[in-house]
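# Fold and geometry: a report
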Amino acid sequence: MRVTKRMPRPRAAAGMTLAVVAIGAFTLPGCVPTSDPPSAVCIPELSVSPENPKPGRIVTVATTNPCPASEGTEWAVRIQPDGERIPLAQARVEPDADGSFEVSITVPPTIHPGPAIAWIANYWETQECPDEASCAPAEVRFTVAAP
């Protein structure tokens, strides 16, 4: 038995190649005219220590990668369960000019063990977020240990 393999017609192959090149040109970065890139936005990185506190314990929330802050800026640092924006604990802090700070705050005694966040609740009220930018909250996730 002889099996005959059919070769594609040159026109069809050329058309497919042209289509692939055309599609590829529109999906490669830099090949398609775009509007200006979004403005760079500084979002401070935070840390919580100790990392796995128990309810009722005092933790330190600090910047690990600060962003500049205007003189007189006051931030509200909050701790609450992850996924809930109901503040259970809050401390106010005035950052240095470079945006660095360190503040002690008590992990709420009523918080349940599990995922929690510490965040600067009013960060975007004191900083400018350009319209075309994606301005994430200044927060850090940590785990509350069982008492």
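Right above here is the structure, for reference.
In this text the structure is predicted, and so the values were computed from the model without any measurement.

Here we come to the sheet that holds strand 4 (residues 89-93). Pairing is antiparallel across the open sheet formed by four strands, whose spatial order is 4-3-6-7. Strands with a single pairing partner mark the edges of an open sheet, and in this sheet they are strand 4 and strand 7 (139-144). Ignoring which end each strand starts from, the neighbouring axes of this sheet average 20 degrees apart.

Here the focus is the packing of aromatic side chains. Taken as a whole and assessed by the stated rule, the structure comprises three aromatic pairs. Taken together, a centroid distance of 5.9 Å and an interplanar angle of 70 degrees make the contact between Trp75 and Phe101 edge-to-face. Separated by 26 residues along the polypeptide, Trp75 in strand 3 (residues 75-81) and Phe101 in the loop between strand 4 and strand 5 (102-106) bring together distant segments of the chain. With a centroid separation of 4.8 Å and 80 degrees between ring planes, the pair formed by Tyr123 and Trp124 is classed as edge-to-face. Looking at Tyr123, the relative accessible area reads 1%, which means it is buried. The exposure class assigned to Trp124 is partly exposed, which follows from its relative accessible area of 24%. Ring pairs connect the aromatic residues Trp75, Phe101, Tyr123 and Trp124, which therefore count as one cluster.

All right, on to the pattern of salt bridges then. Under the criterion given, the structure shown has three salt bridges. With its nearest N and O atoms 3.6 Å apart, the salt bridge here joins Glu74 to Arg92. You can see Glu74 sitting in the loop between strand 2 (58-65) and strand 3 and its partner Arg92 sitting in strand 4, a full 18 residues away along the chain. Residue Arg141 is joined to Asp82 by a salt bridge in which the shortest nitrogen-to-oxygen separation is 3.2 Å. One end of the pair, Arg141, is in strand 7; the other, Asp82, is in the loop between strand 3 and strand 4, and 59 residues separate them in sequence. Exposure remark for Asp82: the relative accessible area of 29% places this residue in the partly exposed category. One network of salt bridges, with partners in common, ties together Asp82, Glu139 and Arg141.

Criteria and thresholds
Residues numbered from 1 in each chain as written. Predicted model: local features only at pLDDT ≥ 70, side-chain atom pairs only at ≥ 80, totals over all residues. Heavy atoms only, no water. Pairing = 2+ DSSP bridges. Helix = DSSP H or I, 4+ residues; strand = E, 2+ residues; numbered from the N terminus. Axes fitted to C-alpha atoms, helices over the stretch in contact; angles between N-to-C directions. Phe/Tyr/Trp six-rings, centres within 6.5 Å; stacked < 30°, edge-to-face > 60°. Buried < 20%, exposed > 50% of the residue type's maximum accessible area, 1.4 Å probe, protein only. Salt bridge = Lys/Arg side-chain N within 4 Å of Asp/Glu carboxyl O.

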